[in-house]
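# A look at the structure
Spelled out from the first residue to the last, the chains are:
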Amino acid sequence: MGNHLMLVEQLVHRGCQEEAAEYLKDWKEQLNQALPEIKTGNPVTDVVLAEKQRKAGELGIALACAFAYPQGTRINAFDVSILLSNALDNAFEGAGRARDNVPGPPVVRLRSWRRKNAYLIEVRNPFWGALAPEGENGLPQSTKEGREHGFGLANMQRVAQSYYGDLEIRVEEGQFVLTVLLMVE
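Description of the structure in this document. (Residues numbered from 1 in each chain as written. Predicted model: local features only at pLDDT ≥ 70, side-chain atom pairs only at ≥ 80, totals over all residues. Heavy atoms only, no water.)

### Digging into the pattern of salt bridges
Going through the model one piece at a time under the given rule, you end up with 11 salt bridges. In this structure, Arg111 and Glu122 form a salt bridge, with 2.9 Å as the shortest nitrogen-oxygen distance. One end of the pair, Arg111, is in strand β2 (residues 107-115); the other, Glu122, is in strand β3 (residues 118-126), and 11 residues separate them in sequence. The class for Glu122 is buried, based on a relative accessible area of 5%. Between Glu172 and Arg124 there is a salt bridge whose closest N-O contact spans 2.8 Å. One end of the pair, Glu172, is in strand β4 (residues 166-172); the other, Arg124, is in strand β3, with 48 residues separating them in the sequence. Overall, Glu172 belongs to the partly exposed group, its relative accessible area being 29%. (Salt bridge = Lys/Arg side-chain N within 4 Å of Asp/Glu carboxyl O. Helix = DSSP H or I, 4+ residues; strand = E, 2+ residues; numbered from the N terminus. Buried < 20%, exposed > 50% of the residue type's maximum accessible area, 1.4 Å probe, protein only.)

### Some thoughts on the sheet that holds β2
Reading across from one edge, β1-β2-β3-β5-β4 is the order of the 5 strands in this open sheet, with mixed pairing throughout. Either end of the sheet is taken by a strand with one partner, and the two such strands are β1 (62-66) and β4. Going from strand to strand, the sheet's axes swing by 15° on average, the running direction of each strand aside. When β3 meets strand β5 (residues 175-183), the two strands line up antiparallel, connected through 9 bridges. (Pairing = 2+ DSSP bridges. Axes fitted to C-alpha atoms, helices over the stretch in contact; angles between N-to-C directions.)

### Here's the deal with the packing of helix α3 (residues 43-59) against helix α4 (residues 77-97)
At a closest axis distance of 9 Å, the pairing of α3 and α4 adopts a crossing angle of 10°. By the criterion of interaxial angle, the relationship of α3 to α4 is roughly parallel. For the pair α3 and α4, contact is made by Val44, Thr45, Val48, Leu49, Lys52, Lys55, Ala56 and Leu59 and by Ala77, Phe78, Val80, Ser81, Leu84, Ser85, Leu88, Asp89 and Phe92, respectively. By residue class, the composition of the contact of α3 with α4 is 11 nonpolar, 3 polar and 3 charged. (Parallel < 35°, antiparallel > 145°, perpendicular 65-115°, else oblique. Contact = heavy atoms within 4.5 Å. Nonpolar A, V, L, I, M, F, W, Y, C, P; charged D, E, K, R; others polar.)

### Section: the environment of Val48
You can see Val48 is positioned in helix α3. Note: C-alpha distance between Val48 and Ile82 (34 residues apart in sequence) is 9.3 Å. The residues touching Val48, leaving out its near neighbours within four places in the chain, are Ser81, Leu84 and Ser85.

### A word on the pairing of β4
Regular strands show a simple pattern: their side chains alternate between the two faces of the sheet. Across 7 bridges, the pairing between β4 and β5 is antiparallel. In the strand pairing of β5, Glu168 is matched with Thr179. Linking β4 to β5, which pair antiparallel, is a turn of 2 residues; within it Glu173 sits at a positive phi near 50°.

Right, here's the structure in full:
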């Protein structure tokens with residue numbers, strides 16, 4: 001997606017609005033043909049989940065999705081996209097590592113629900129092993145190396161806390177379970 005956005009941005013910057021519009025039209029048609037339609041109630045989360053569904057397919061991972069955007073709340077779609085992107089990328093990575101312990105393709109499950117003034121997002125993936133020790137922020141520390149690793153959970157926690165919520169991480173019955181709580185009122 002980043003490459004597509006960069007190309008459109010360059011076309012617009014160079015004054016090629018017609019070419020940019022044509023490129024976007026073609027890109028949208030190709031995306032609609034390649035992916036089953038996802039309707040979450042918000043176009044931003046629709047695009048994020050369509051891309052994650054495509055990625056899961058490439059990785060040989062099944063994505064079971066029961067996600068609905070929290071309509072009529074003050075929750076920002078771009079904040080939700082940060083949560084979904086990081087949570088699903090981590091879940092795909094964990095499911096890939098657990099592949100040998102799962103019969104058939106590993107399944108990542110995403111669901112959301114609202115209970116009174118709380119909106120919850122839950123992501124589950126197969127998991128074998130132990131959680132990394134907790135860091136200062138109460139989250140498991142990243143075992144990944146490199147500059148681009150170790151910020152996903154912290155970014156998710158920052159978003160959740162901006163809505164007076166938080167993250168809960170647990171392991172139960174061979175599943176890594178991440179629950180994000182956001183207060184909607």
